[in-house]
Amino acid sequence: MKIGQARQIVNSLLDAPSNERLYRLLPENLTLRGLFYDSGLFIIDFSREFNKIYSYGANEQILAVYSIVNSITELDPKAKIRFLINGTEPEVDEGHLDLSMQLSRLESIIEK
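Since we're looking at a predicted model, the values are computed, not measured.

Focus on the pairing of strand 1 (residues 32–38)
One ladder, built from six bridges, connects strand 1 with strand 2 (residues 41–46); its direction is antiparallel. Residue pairing for strand 2: F36 is matched across the bridge by I43.

Here we look at the pairing of strand 3 (residues 80–85)
Of all six residues making up strand 3, five are buried, and the element is well covered by its neighbours. As a crossover connection, the stretch from strand 2 through helix 2 (residues 58–72) into strand 3 is right-handed.

Considering the packing of aromatic side chains
By convention here, two paired aromatic rings are described through the distance between centres and the angle between planes. A full pass over the atoms with the stated rule returns four aromatic pairs. On the numbers, 4.5 Å between centres and 50° between planes, the contact of Y37 with F42 is tilted. You can call Y37 partly exposed: its relative accessible area is 30%. Arranged with centres 4.9 Å apart and planes meeting at 20°, the rings of F46 and F50 form a pair that is stacked. The same class applies to F46 as to F50, namely buried.

Definitions and cut-offs
- Numbering of residues starts from 1 in each chain and follows the order in which that chain's sequence is written.
- Thresholds applied to this predicted model are a pLDDT of at least 70 for local features of residues and 80 or more for the giving and counting of side-chain atom pairs; totals over whole chains, interfaces and linings are not thresholded and use all residues.
- In computing side-chain properties, one takes all heavy atoms of the structure into account and sets aside hydrogens as well as water.
- In short, DSSP must find at least two bridges between two strands for them to pair.
- Helix numbers and strand numbers start at the N terminus; a helix is a DSSP run of H or I with at least 4 residues, a strand a run of E with at least 2.
- Only protein chains enter the accessibility calculation, which uses a 1.4 Å probe; a residue whose area is less than 20% of its type maximum is buried, one above 50% is exposed, and one in between is partly exposed.
- Here is how to tell: hold the view so the strands point away, follow the path from the first strand over the helix to the second, and if it runs clockwise the crossover is right-handed.
- Stacked, tilted and edge-to-face pairs are distinguished by plane angle, under 30 degrees for stacked and over 60 for edge-to-face with tilted covering the rest, among Phe, Tyr and Trp rings (Trp via its six-membered ring) whose centres lie within 6.5 Å.

Structure representation (structure tokens):
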């Protein structure tokens with residue numbers, strides 16, 4: 001159940017419209033290669049286009065990553081998220097966030 005819902009959430013984020021009034025958080029042509037769930041850990045494998053977020057500024061990178069993390073953890077607020085890029089773990093210290101670590105929900109960026 002969680003895996004199907006998580007896949008729908010990610011695909012909705014990937015299909016977000018892009019026009020002059022809306023800002024696209026995730027890179028264009030980004031695809032979901034795989035999504036797995038085991039014992040409170042979601043592993044999300046994106047295509048190599050995910051590497052484009054490393055060129056984002058700090059705020060944009062945080063918003064892009066946590067749009068995924070916070071959306072998926074709506075299914076299980078205690079779950080962790082781990083990212084893969086084209087089947088491999090991201091490099092440490094690539095960008096403003098360490099995507100080699102498991103990430104938890106970040107309530108502070110959710111508008112209430």
